[in-house]
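# Summary of structural features
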Amino acid sequence: IGRSPRRGFTQEELRAVYTVADEEWRGIIMVGACTGMRLGDIVTLVARDVNFETGFICSLSKKMDRFEPKPLPEIYLARLRARHGGKIGDEPLFPRAFALYYKYGSVNKLSFAFKSLLEKAGVRVKGEKVRGVERVGAKKFLPLSFHCLRHMYTTLLKIACPSEAIARELVGHKSQL
């Protein structure tokens, strides 16, 4: 009750952000949208985390402190293969984001960069507050953020109707709550 809800991106919002993003952000957005992974887990991906034969990304989820394999749709796997298939071992998939993450030890700078990207795309108002948002009437959601890609992923899972156990495993939740 005390927390403002988030929502997933609409198709138009996602298209607008993708259009103004550079190639590295496009890759990060694509992985976030089709796996539901958190920003910190995506930017630390290295080449060995992607199995191009099985179509899975398997990285350590820092929040859950466990490895979470995530299946990729073939179309996105092909895109990742085209852009990152030649990388080996500990080579980061997203070098600039990887460097920023390790330079500052958190995703804060990356979250601010994504917020600027949302503002540039016109899907978020500059200076829009995230905390302390008063939920009144139709304006009951927090402003868009990277985490909204995770909400979009879970919404698409609900539409696809997998069993609750499979959906929970794909999203990386330990319980239905």
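Structure: see above.
Now for a look at the structure at hand. (Residues numbered from 1 in each chain as written. Predicted model: local features only at pLDDT ≥ 70, side-chain atom pairs only at ≥ 80, totals over all residues. Heavy atoms only, no water.)

### A short note on the overall build of the chain
Secondary structure summary: the chain contains eight helices and three strands in total. If you list the helices and strands of the chain from N to C, you get α-α-α-β-β-β-α-α-α-α-α. The burial tally for the chain puts 41% of its 177 residues in the buried class. (Helix = DSSP H or I, 4+ residues; strand = E, 2+ residues; numbered from the N terminus. Buried < 20%, exposed > 50% of the residue type's maximum accessible area, 1.4 Å probe, protein only.)

### Topic: the pairing of strand S2 (residues 56–61)
Alignment of strand S1 (residues 50–51) against S2, held across two bridges, turns out to be antiparallel. Bridging from a neighbouring strand, Asn51 pairs with Phe56 of S2. Counting the residues between successive antiparallel strands, the hairpin from S1 to S2 contains four residues, one of them, Gly55, with a positive phi of roughly 85°. In this structure, S2 lies alongside strand S3 (residues 66–71), joined through six bridges in antiparallel fashion. Residue pairing in the sheet places Ser59 in a bridge with Glu68 of S3. In textbook terms, the turn of a hairpin is the stretch between consecutive antiparallel strands, and for S2 and S3 this stretch comprises four residues, one of which, Asp65, has a positive phi near 55°. (Pairing = 2+ DSSP bridges.)

### Concerning the pattern of salt bridges
Under the defined criterion, the tally for this structure stands at eleven salt bridges. Close ionic contact of Glu13 with Arg7 constitutes a salt bridge, the shortest N to O distance being 2.7 Å. For Glu13, a relative accessible area of 14% translates into the label buried. On the basis of relative accessible area, Arg7 is assigned to the partly exposed category, the value being 24%. When the shortest N-O distance is used, the salt bridge between Glu68 and Lys70 registers 3.8 Å. No difference in accessibility class separates Glu68 from Lys70, as the two residues are buried. If you follow the salt bridges from partner to partner, you end up with Glu23, Arg26, Arg79 and Arg83 in one network. (Salt bridge = Lys/Arg side-chain N within 4 Å of Asp/Glu carboxyl O.)

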